[in-house]
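This is what each chain is made of:
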Amino acid sequence: MQENMTLAIRTKYAYDIIDITGDISYDDFPQIDQFIKNRATPGNKNLILNMEGVKYINSSALSLLIKLMHELSILKIELYIMHASEEIEALMKMTGVRKFFQLIKDEQSLMKKLQRDETDKILDVID
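Residues numbered from 1 in each chain as written. Predicted model: local features only at pLDDT ≥ 70, side-chain atom pairs only at ≥ 80, totals over all residues. Heavy atoms only, no water.

Some points on the side chain of Asp 106
Phase 1 of the analysis: For Asp 106, the location among the structural elements is in the loop between β5 (102–104) and α4 (107–126).
Phase 2 of the analysis: Buried charge Asp 106 goes without a salt bridge, the closest partner of opposite sign being Lys 105 at 4.7 Å.
Phase 3 of the analysis: Polar contacts involving the side chain of Asp 106 include one to the main-chain amide nitrogen of Gln 108, which spans 3.2 Å.
Phase 4 of the analysis: If sequence neighbours within four positions are ignored, Asp 106 has contacts with Met 82 and His 83. (Helix = DSSP H or I, 4+ residues; strand = E, 2+ residues; numbered from the N terminus. Buried < 20%, exposed > 50% of the residue type's maximum accessible area, 1.4 Å probe, protein only. Lys, Arg positive; Asp, Glu negative; His and termini not counted. Salt bridge = Lys/Arg side-chain N within 4 Å of Asp/Glu carboxyl O. Polar contact = N/O pair within 3.5 Å; in protein donor to acceptor, adjacent residues only side chain to side chain. Contact = heavy atoms within 4.5 Å.)

See below:
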């Protein structure tokens, strides 16, 4: 039985995090696409899809996600995937699309990445 999908947005560490709960199919993807495009502004350089509450995504929805990532990259917006389950990562590898995705393990990993980025910025200023 398919679990209905819900979307919510929150901001943390200057990143907009879109929390997705439920299964994602090809038919559900237009809802995600519109939700993200409504929040994709030039001032917003990073969006994160938190898939902690997603147990299933089909390969057709993955292909649409790649298309959306490409459209956002033209706008200079990075789209990251956080909390992808082992099953979702396995599907990405099996379908050969894993290389298109930037994965973040969890929010703690995100914080470490941001700290490294800030350190790199400081070191660049010193040089």
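Quick notes on the confidence of the model for the protein
Phase 1 of the analysis: Per-residue confidence for the protein averages 86 on the pLDDT scale, and 94% of its residues sit at or above 70.
Phase 2 of the analysis: Helix α2 (residues 59–74) holds the highest mean pLDDT among the elements of the protein, 93, whereas α4 holds the lowest, 72. (pLDDT = per-residue confidence, 0-100.)

Observations regarding the nonpolar core
Phase 1 of the analysis: If you look at the biggest cluster of nonpolar residues, it comprises 31 residues, and the most contacted ones within it are Ile 20, Ile 24, Leu 49, Leu 65 and Phe 101.
Phase 2 of the analysis: At the level of secondary structure, the elements contributing two or more residues to this core comprise β2 (15–21), α1 (29–39), β3 (46–53), α2, β4 (78–82) and α3 (86–94).
Phase 3 of the analysis: Broken down by element, the residue count for this core peaks at 7 residues, all from α2.
Phase 4 of the analysis: With 8 residues, the next largest nonpolar core counts Ile 48, Tyr 80, Met 82 and Leu 114 among its residues. (Core = buried A, V, L, I, M, F, W, Y, C linked by side-chain atoms within 4.5 Å.)

Here's the deal with α2
Phase 1 of the analysis: The end-to-end C-alpha separation of α2 is 23 Å, in line with the 22 Å expected for 16 residues at 1.5 Å each.
Phase 2 of the analysis: Looking at α2, one finds that the buried residues are Ala 61, Leu 62, Leu 65, Ile 66, Leu 68, Met 69 and Leu 72. The buried residues of α2 occupy an angular sector of 165° when the element is viewed end-on, so they sit on one face. Opposite its buried face, α2 presents the exposed residues His 70 and Ile 74, each directed more than 90 degrees away.
Phase 3 of the analysis: For α2, the secondary structure elements touched by its buried residues are α1, β3, β4, α3 and β5.
Phase 4 of the analysis: A positive phi of about 65° marks Lys 76, the residue just after α2. (Expected span 1.5 Å × (residues − 1). Arc of directions from axis to C-beta.)

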